[in-house]
Amino acid sequence: MKDQPIDINESSIKKYINSLRPDDLEIHKQLDFGYAYDGKTCILYEIRPVWNNPEEIQHIEYAKIRYYKSRQEWNLYWMRASLKWELYQPFPKASHIEKMIKCIEEDEYGCFYG
């Protein structure tokens, strides 16, 4: 078995997502959270059944964090109603992903959780 290096950024993302996940199984069926991470871009999303077809599950993206190696910084984006990503202007960049996660948690302007 090969030892895999631990990605501290993914560890931080996973910890955050797990803090959002409901413990109650009935609520968990109606609302869950997930993420996709490829080493430089992280997409956070809600997992919900489609309102008129509960058998179909949808992923609703609400935040994107992207790392730019040339600038050594993380940028934070939010999903507009037009389904286009926009740079989160109140706090658009940071050197550590934990700062981006904290900004999403606080959601001062209601961009991520409405």
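In the nomenclature of an unreviewed UniProt entry, the protein chain corresponds to DUF3024 domain-containing protein from the organism Mesonia ostreae.

## Brief notes about the pattern of salt bridges
The full count for this structure, using the stated rule, is six salt bridges. Between Lys29 and Glu26 there is a salt bridge whose closest N-O contact spans 3.3 Å. Here Glu26 and Lys29 lie together in helix H2 (residues 25-30), a separation of three residues that amounts to about one turn. The exposure class assigned to Lys29 is partly exposed, which follows from its relative accessible area of 48%. Taking the shortest distance from any N to any O, the salt bridge between Glu106 and Lys102 comes out at 3.3 Å. Here Glu106 pairs with Lys102, and both are found in helix H3 (residues 97-106), just four residues apart, close to one helical turn. Under the relative-accessibility criterion, Glu106 is labelled partly exposed at 49%.

## A short note on H3
Along H3, the positions that sit buried rather than exposed are Ile97, Met100, Ile101, Cys103 and Ile104. Seen from one end, H3 has its buried residues packed into an arc of 160°, which puts them on one side. The elements touched by buried residues of H3 are helix H1 (8-20), strand E2 (41-50), strand E3 (53-68), strand E4 (73-79) and strand E6 (93-94).

## Concerning the packing of H1 against H3
The contact between H1 and H3 brings their axes to 10 Å, and the two run at 20°. On the basis of their axis angle, the class for H1 and H3 is roughly parallel. Along this stretch, H1 crosses H3, giving a crossing that reads as right-handed. Across from Asn9, Ser12, Ile13 and Tyr16 in H1, the residues of H3 making contact are Ile97, Glu98, Ile101, Ile104 and Glu105. Broken down by class, the residue content of the contact of H1 with H3 amounts to five nonpolar, two polar and two charged.

Thresholds applied
- Residues numbered from 1 in each chain as written.
- Predicted model: local features only at pLDDT ≥ 70, side-chain atom pairs only at ≥ 80, totals over all residues.
- Heavy atoms only, no water.
- Salt bridge = Lys/Arg side-chain N within 4 Å of Asp/Glu carboxyl O.
- Helix = DSSP H or I, 4+ residues; strand = E, 2+ residues; numbered from the N terminus.
- Buried < 20%, exposed > 50% of the residue type's maximum accessible area, 1.4 Å probe, protein only.
- Arc of directions from axis to C-beta.
- Contact = heavy atoms within 4.5 Å.
- Axes fitted to C-alpha atoms, helices over the stretch in contact; angles between N-to-C directions.
- Parallel < 35°, antiparallel > 145°, perpendicular 65-115°, else oblique.
- Left-handed = near helix turned anticlockwise from the far one by under 90°.
- Nonpolar A, V, L, I, M, F, W, Y, C, P; charged D, E, K, R; others polar.

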